[in-house]
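These are the residues of each chain, in order.
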Amino acid sequence: MPTVESLSLQQARRLALSAQGFGRRVPKQVKANHLSQLIEQLGVVQIDSVNALVRSHYLPLFSRLGDYPQALLEQIAWGPRRSRKLFEYWGHEASLLPLELYPLLRWRMRRAANGQGIYPQLARFGREQQDVVQRVLQTVREQGALGAGSLSTREERAGPWWDWSAEKHALEWLFAAGEVTVAGRRGFERLYDLPERVLPAELLNGHEPDEAAAQRQLLLRAATSLGVATAQDLRDYFRLDLRDTRQRLVELVENGELVELRVQGWNQPAYSAGEPRVLRRLHASALLSPFDSLVWERERTERLFDFRYRLEIYTPPHKRVYGYYVLPFLHGERIAARVDLRAQRAHNRLAVHAVHEEARGLDEEGLLALAGQLRALADWLGLAHVQLNCTRAGGARLKPLLG
């Protein structure tokens with residue numbers, strides 16, 4: 001019976017950070033291929049609508065590559081077919097994914113068409129309102145890329161963002177089922193079109209693995225992108241079903257594609273894609289999106305970094321502990337602080353509402369790094385000033401470094 005390798009927590013952190021694209025050499029000028037390569041490494045970038053700072057899908061690339069033109073991401077995500085490297089689908093929530101993952105998610109589309117793995121109200125709509133679904137699909141066939149607003153037939157004004165029209169429900173069902181895909185964005189509104197008018201023909205007509213093979217490949221992609229991970233970490237990365245994950249993990253370990261490990265302080269077995277190669281040292285400084293793949297699985301974040309992180313966007317203001325839009329600050333090999341930030345575009349400034357240091361605090365090097373990251377973020381967002389509104393001790397120490 002093979003010996004199960006053991007890793008220290010520090011080694012696990014370095015594996016995770018390296019796998020997630022931190023500590024790499026940053027190019028002097030970021031080009032589209034650098035973004036494509038990084039997203040290939042991450043496997044999936046989560047999309048979120050909150051725009052307190054910048055739409056979340058832009059941030060993970062800045063955290064790892066620094067200053068880059070946001071238009072480059074838009075080009076490879078929603079640009080002309082010849083320059084498109086990504087597609088939108090339900091990967092880890094709504095996500096941007098490399099094109100080569102499209103065949104690995106066709107089984108999920110088929111399940112969605114059968115009402116499995118999607119929101120119950122959307123599944124019910126697909127069962128009960130196929131007349132609306134087919135009418136909307138025919139309109140897309142005839143007219144090309146359309147948003148839900150262009151199709152809505154209801155007369156009353158829409159309510160909150162989840163108050164969908166029948167046409168929006170139909171488009172989302174068609175999207176989940178793979179009958180339409182996202183051709184582009186108008187603002188943040190999705191524009192839907194037929195896959196054959198958006199995606200490469202060789203992708204749509206090429207080999208498609210069966211469900212089991214596709215799930216194994218997705219788990220391997222997750223293992224590669226996470227570095228070292230428990231079964232729950234792997235399952236969560238592409239939001240796979242528990243039953244599917246258990247069976248696929250057994251198969252991957254049996255055929256040697258996943259290696260079982262022990263990590264100091266972890267109660268569950270861990271896995272890596274092949275024998276782990278741990279860097280001797282790794283240094284990174286970065287502000288992280290709340291939806292960054294390094295921290296989106298909160299229990300894993302606590303195991304790896306001893307950092308308890310929860311979103312407080314939907315928490316009433318008087319009950320918030322850290323703030324509305326709080327970014328973890330990664331420094332060295334630990335998450336050393338969290339910062340409540342807002343882009344106040346009308347005033348041309350990045351507002352720092354609060355700086356909360358973790359128990360070990362930030363040394364002078366860490367403070368300098370945080371100040372540098374805040375200035376770099378403001379520059380990338382095209383904001384002229386960084387305004388420090390924090391009255392905490394960390395804010396007082398940071399103030400002279402921001403000028």
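Scroll up for the structure.
Residues numbered from 1 in each chain as written. Predicted model: local features only at pLDDT ≥ 70, side-chain atom pairs only at ≥ 80, totals over all residues. Heavy atoms only, no water.

Draft legend 1. Quick look at the overall build of the protein. Secondary structure assignment for the protein yields 16 helices and 14 strands. Expected size for 403 residues packed as a compact globule is a radius of gyration near 22 Å; at 22 Å, the protein falls within 12% of this value. A buried classification covers 55% of the 403 residues belonging to the protein. Look at the contacts in the protein between residues 6 or more apart in sequence, and 65% of them connect residues 24 or more apart. The positive charge centre, built from 55 side chains, and the negative charge centre, built from 47, are 4 Å apart in the protein. (Helix = DSSP H or I, 4+ residues; strand = E, 2+ residues; numbered from the N terminus. Rg over C-alpha atoms; globule rule 2.2 N^0.38 Å. Buried < 20%, exposed > 50% of the residue type's maximum accessible area, 1.4 Å probe, protein only. Contact = heavy atoms within 4.5 Å. Lys, Arg positive; Asp, Glu negative; His and termini not counted. Charge placed at Lys NZ, Arg CZ, Asp CG, Glu CD.)

Draft legend 2. View of the packing of aromatic side chains. For the structure shown, the criterion picks out nine aromatic pairs. Ring centres of Phe175 and Tyr192 lie 6.2 Å apart, and the angle between their planes is 70°; this geometry places the pair in the edge-to-face category. On the criterion of sequence distance, the pair formed by Phe175 in helix H9 (residues 166-176) and Tyr192 in strand E6 (residues 189-193) is long-range, its members being 17 residues apart. Through a chain of ring-to-ring contacts, the aromatic side chains of Phe62, Tyr68 and Trp380 assemble into a single cluster. Positioned above the aromatic ring of Phe188, the side-chain terminus of Arg185 is 4.4 Å from the ring centre. Arg303 extends its terminal NZ or CZ atom over the ring of Trp266, reaching a point 4.5 Å from the ring centre. (Phe/Tyr/Trp six-rings, centres within 6.5 Å; stacked < 30°, edge-to-face > 60°. Lys NZ or Arg CZ within 6 Å of the ring centre and 35° of its normal.)

Draft legend 3. Here's a closer look at the sheet that holds strand E4 (residues 93-98). Here three strands make up an open sheet; going across it, the order is E2-E4-E3 and the pairing antiparallel. Pairing within the sheet leaves two strands with one partner each, and these edge strands are strand E2 (45-46) and strand E3 (86-91). Sheet analysis places E3 next to E4, joined by six bridges and oriented antiparallel. The partner of Trp90 across the bridge, within E4, is Ala94. (Pairing = 2+ DSSP bridges.)

Draft legend 4. View of the environment of Leu370. Along the chain, Leu370 turns up in helix H15 (residues 364-380). For Leu370, a relative accessible area of 0% translates into the label buried. With near-sequence residues (within four places) excluded, Leu370 lies in contact with Leu287, Phe329, Val339, Val355, Leu362 and Leu398.

Draft legend 5. Inspection of helix H16 (residues 393-402) at higher detail. For H16, the set of buried residues is Gly394, Gly395, Leu398 and Leu402. Projected down its long axis, H16 carries its buried residues within an arc of 85°, all on one side. Of the exposed residues in H16, the ones pointing more than 90 degrees away from its buried face are Ala393, Ala396, Lys399 and Pro400. As for H16, its buried residues are in contact with strand E13 (349-357), H15 and strand E14 (385-388). Once H16 ends, the next one or two residues include Gly403, with phi positive near 80°. (Arc of directions from axis to C-beta.)

Draft legend 6. How the structure looks around the sheet that holds strand E1 (residues 5-7). Taken together, the four strands give an open sheet; going across it, the order is E1-E8-E9-E7, and neighbouring strands pair in mixed fashion. Of all strands in the sheet, those with a lone pairing partner are E1 and strand E7 (229-230), marking the two edges.

Draft legend 7. Spotlight on the pattern of salt bridges. Tallied over the full model, the rule gives 26 salt bridges. A salt bridge links Arg310 to Glu302; the shortest N-O distance between them is 3.2 Å. If you follow the salt bridges from partner to partner, you end up with Glu88, Lys168, Glu172, Arg185 and Arg190 in one network. (Salt bridge = Lys/Arg side-chain N within 4 Å of Asp/Glu carboxyl O.)

Draft legend 8. Broad picture of the side chain of Asp233. With respect to the helices and strands, Asp233 occurs in helix H12 (residues 231-237). Of the polar contacts made by the side chain of Asp233, one reaches the side chain of Arg303; its length is 2.6 Å. Excluding residues within four positions of it along the chain, Asp233 makes contact with Leu226, Trp266, Glu297, Arg300 and Arg303. (Polar contact = N/O pair within 3.5 Å; in protein donor to acceptor, adjacent residues only side chain to side chain.)

Draft legend 9. Representation of the pairing of E3 within the structure. Burial runs high along E3: five of the six residues are buried. Here E3 hands over to E4 after one residue, the two strands then running antiparallel side by side.

Draft legend 10. Highlighting the environment of Asn267. Here Asn267 is to be found in the loop between strand E8 (259-263) and strand E9 (270-272). Residue classification places Asn267 among the exposed positions, given a relative accessible area of 75%. Sequence-wise, Asn267 and Arg13 are 254 residues apart; in three dimensions their C-alpha atoms are separated by 16 Å.

Note that every value here comes from positions in space, so none of it alone points to a role or purpose.
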